[in-house]
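# Geometric and topological summary
Listed here are the chains, written in short residue letters.
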Amino acid sequence: MANNKQIYDKGKVVAGLVIFVFIVLSPFLYNLGKAAPAPELKLTDKAKAAKECVLPKEEMKAGHMQLLDLWREKVVREASRVYVNTEGKEFAMSLSNTCLDCHSNKADFCDRCHNYASVSPYCWDCHIDNPKEISDAK
Amino acid sequence: MNSKYMFSLAAVIVLFLLAYIGVAGIGLYGFFGIFIPYAAAFIFAVGVVYRVVDWAQSPVPFRIPSTCGQQKSLPWIKPASFDNPACNGTVLIRMILEIVLFRSLFRNMRFHFNKGNKFSYEWEKWLWLGALAFHWAFFVVVIRHLRFFTEPVPVCIQWLESLDSFFRLEFFADFVQVGLPGVFISGIVLLAAVIYLLLRRMLIPQVNYVSLAADYFPLFLIIAIAVSGIMMRYFTKVDIVGIKEFTMGLVTFHPKIPEGVGSVFYIHIFFVSVLLAYFPFSKLMHLAGIFMSPTRNLANNSRVKRHVNPWNYPVKVHTYEEYEDDFREKMIEAGLPVEKELTTNGG
């Protein structure tokens with residue numbers, strides 16, 4: 001029977017295979033003709049002037065969320081408010097007053113990467129983007 | 001100790017060492033980051049299509065569904081429409097329920113001797129539960145990884161992510177902090193379920209007896225994938241934007257190796273690539289096989305419709321009429337009854 005090879009139920013099999021191939025190719029098709037460059041961050045003048053963040057840039061890039069979580073734990077549960085980094089420099093453990101003081105440009109700094117990586121942090125459920133705007137308004 | 005699972009475990013360890021030495025030792029970033037993933041995706045897609053086309057060339061001339069209920073019969077007998085489907089519509093529903101809910105595993109039973117030598121059956125739902133948790137968690141994990149392969153990320157994937165991190169699990173200790181980034185429950189369920197399925201194979205003697213290296217290998221591989229992924233997300237930390245830049249490069253065919261991404265990432269994608277490339281050659285093909293199972297995807301309509309075997313070849317037959325034509329005179333002489341009398345032809 002080697003000579004009469006045929007695909008049985010051809011319609012259904014081919015339809016299934018077309019769906020399979022379409023699913024496999026979907027990430028390629030979705031991005032067809034699109035260039036998706038990595039987001040470029042804008043630093044505020046204050047952040048540029050400070051040059052260094054609390055930790056080295058690479059560590060902040062990958063681990064800032066864990067640092068913030070740790071800060072919250074320390075402040076809220078242990079009432080310890082001072083963070084000493086590896087170089088011995090002291091910082092107040094505060095998202096609003098320390099982090100957002102330099103990085104006051106949420107849209108051009110925080111949001112760019114978060115949107116790109118599809119991360120929606122709940123920080124801003126409570127913390128306002130830039131506390132200074134509020135204090136100015138008072 | 002069992003040579004079958006030790007062999008599979010050793011294979012996964014060798015794969016780990018290959019990727020680790022290849023990246024951290026020799027620095028073959030392009031090979032492990034670009035060539036291997038593309039090759040694996042190609043082998044996966046072509047291999048699956050090849051296997052399915054190959055299977056589809058096997059004729060299934062007759063209806064062989066496994067029936068699990070009353071067949072459609074007289075109008076006053078209630079049929080089990082989904083367990084013994086009579087038409088394609090109910091077959092479709094049966095297939096969907098099988099693929100989505102694993103109903104055949106739900107029927108799993110354990111046999112044992114109860115009180116001396118009284119044979120008894122026992123409900124055994126753990127395999128069904130473990131398999132369901134494993135497959136659904138894996139599905140969710142795969143779907144939410146699409147955030148690395150789409151820009152902008154579709155809203156439905158964002159919804160899935162927020163649903164997946166619905167339980168804000170947090171854990172603090174001196175040595176470890178878990179909570180941010182949000183814990184994806186699917187990753188934990190996947191790892192727990194695959195470990196359960198592995199232990200089941202190792203510890204239950206009957207299951208252990210029927211398990212081969214080919215059964216253990218994907219389990220170890222998936223454990224390795226899950227562990228390396230969980231490591232990256234919660235513990236060793238990686239530059240996620242750099243990784244997305246890299247994965248977007250892959251899907252837009254402008255691959256670029258990211259800077260400063262640790263070897264855990266390369267190990268993770270190497271394991272995933274191996275899983276994809278191994279897929280068409282392995283039992284993992286049950287992904288396509290479930291659709292092609294004649295015991296599931298056929299309607300039980302043998303009594304309603306005639307199914308002819310397609311490879312029936314024409315058989316030379318000698319009918320009774322022809323036989324009588326050959327021997328009519330002799331039959332009449334011997335006094336045997338004939339259907340046509342001799343007198344009708346003059347010669």
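Now for a quick tour of the structure.

Thresholds applied
- Residues numbered from 1 in each chain as written.
- Chains lettered and ligands numbered in written order.
- Predicted model: local features only at pLDDT ≥ 70, side-chain atom pairs only at ≥ 80, totals over all residues.
- Heavy atoms only, no water.
- Contact = heavy atoms within 4.5 Å.
- Salt bridge = Lys/Arg side-chain N within 4 Å of Asp/Glu carboxyl O.
- Polar contact = N/O pair within 3.5 Å; in protein donor to acceptor, adjacent residues only side chain to side chain.
- Helix = DSSP H or I, 4+ residues; strand = E, 2+ residues; numbered from the N terminus.
- Nonpolar A, V, L, I, M, F, W, Y, C, P; charged D, E, K, R; others polar.
- Core = buried A, V, L, I, M, F, W, Y, C linked by side-chain atoms within 4.5 Å.
- Buried < 20%, exposed > 50% of the residue type's maximum accessible area, 1.4 Å probe, protein only.
- Phe/Tyr/Trp six-rings, centres within 6.5 Å; stacked < 30°, edge-to-face > 60°.
- Axes fitted to C-alpha atoms, helices over the stretch in contact; angles between N-to-C directions.
- Parallel < 35°, antiparallel > 145°, perpendicular 65-115°, else oblique.
- Left-handed = near helix turned anticlockwise from the far one by under 90°.
- Expected span 1.5 Å × (residues − 1).
- Arc of directions from axis to C-beta.

### Some words on the interface of chain A and chain B
- If you look at the interface, chain A gives 35 residues, while chain B gives 46 residues.
- Put simply, chain A and chain B have two salt bridges between them.
- A salt bridge links Lys61(A) to Asp239(B); its shortest N-O distance comes to 3.3 Å.
- Joining chain A to chain B, the criterion identifies 11 residue pairs in polar contact (both at pLDDT 80 or more).
- Among the secondary structure elements, those contributing two or more residues to the side of chain A that touches chain B are helix H1 (10–30), helix H3 (57–78) and helix H5 (110–116) of chain A.
- The class makeup of the residues in the side of chain A that touches chain B is 22 nonpolar, five polar and eight charged.

### Brief notes about the environment of Leu163(B)
- Counting through the fold element by element, Leu163(B) comes out in helix H6 (residues 155–164).
- For Leu163(B) and Ser211(B), which are 48 residues apart along the polypeptide, the C-alpha to C-alpha distance reads 36 Å.

### Comments concerning the nonpolar core
- Grouped together as the largest cluster of nonpolar side chains are 65 residues, with contacts concentrated most on Val48(B), Phe134(B), Leu190(B), Leu221(B), Phe265(B) and Phe271(B).
- Contributing elements (two or more residues each) for this core: H1 of chain A together with helix H1 (3–25), helix H2 (29–56), helix H5 (126–144), helix H7 (185–203), helix H9 (213–236), helix H10 (240–251) and helix H11 (263–278) of chain B.
- Element by element, the count of residues in this core is highest for H9(B), at 13 residues.
- Look past the residues within four positions of Phe265(B) in its chain and what remains in contact with it is Met232(B), Ile243(B) and Phe246(B).
- Listed in part, the nine residues of the second largest apolar core include Leu67(A), Val75(A), Phe91(A) and Met93(A).

### Some details on the packing of aromatic side chains
Residues and elements named next belong to chain B.
- For the structure on display, the rule yields 26 aromatic pairs over all chains.
- Ring centres of Phe119 and Tyr121 lie 5.5 Å apart, and the angle between their planes is 80°; this geometry places the pair in the edge-to-face category.
- Their ring planes at 85° and their centres at 5.3 Å tell us that Phe166 and Phe167 sit as a pair that is edge-to-face.
- With a relative accessible area of 49%, Phe167 lands in the partly exposed category.
- Joined through ring pairs, the aromatic side chains of Tyr29, Phe246, Phe265 and Tyr266 make up one cluster.

### Some remarks on the packing of H7(B) against H9(B)
All names here are of chain B.
- Between H7 and H9, whose axes approach to 10 Å, the crossing angle comes to 150°. By the angle between their directions, the pair H7 and H9 is classed as roughly antiparallel. Relative to H9, H7 is oriented so that their crossing is left-handed. In this structure, H7 uses Gly187, Leu190, Leu191, Val194, Ile195, Leu197, Leu198, Arg201 and Met202 to contact H9, whose residues at the interface are Asp215, Tyr216, Leu219, Phe220, Ile222, Ile223, Ala226, Val227 and Ile230.
- Taken together, the residues that form the contact of H7 with H9 break down as 15 nonpolar, one polar and two charged.

### What about helix H3 (residues 88–101) of chain B?
Residues and elements named next belong to chain B.
- For H3, which comprises 14 residues, the first-to-last C-alpha distance of 19 Å matches the rise-based estimate of 20 Å (1.5 Å per residue) to within 8%.
- Taken together, the buried positions of H3 are occupied by Thr90, Val91, Arg94, Met95 and Glu98. Looking straight down H3, one finds its buried side chains confined to an arc of 145°; they lie on one side.
- In this fold, the buried residues of H3 make contact with helix H4 (103–106).
- Immediately beyond the C-terminal end of H3, within one or two residues, lies Phe102, with a positive phi of roughly 55°.

### Here we look at unusual backbone geometry
- Cis geometry marks the peptide bond from Glu151(B) to Pro152(B), where omega comes out at 0°.
- Within the fold, Pro152(B) resides in the loop between H5 and H6.

In short, geometric facts, not functional conclusions.
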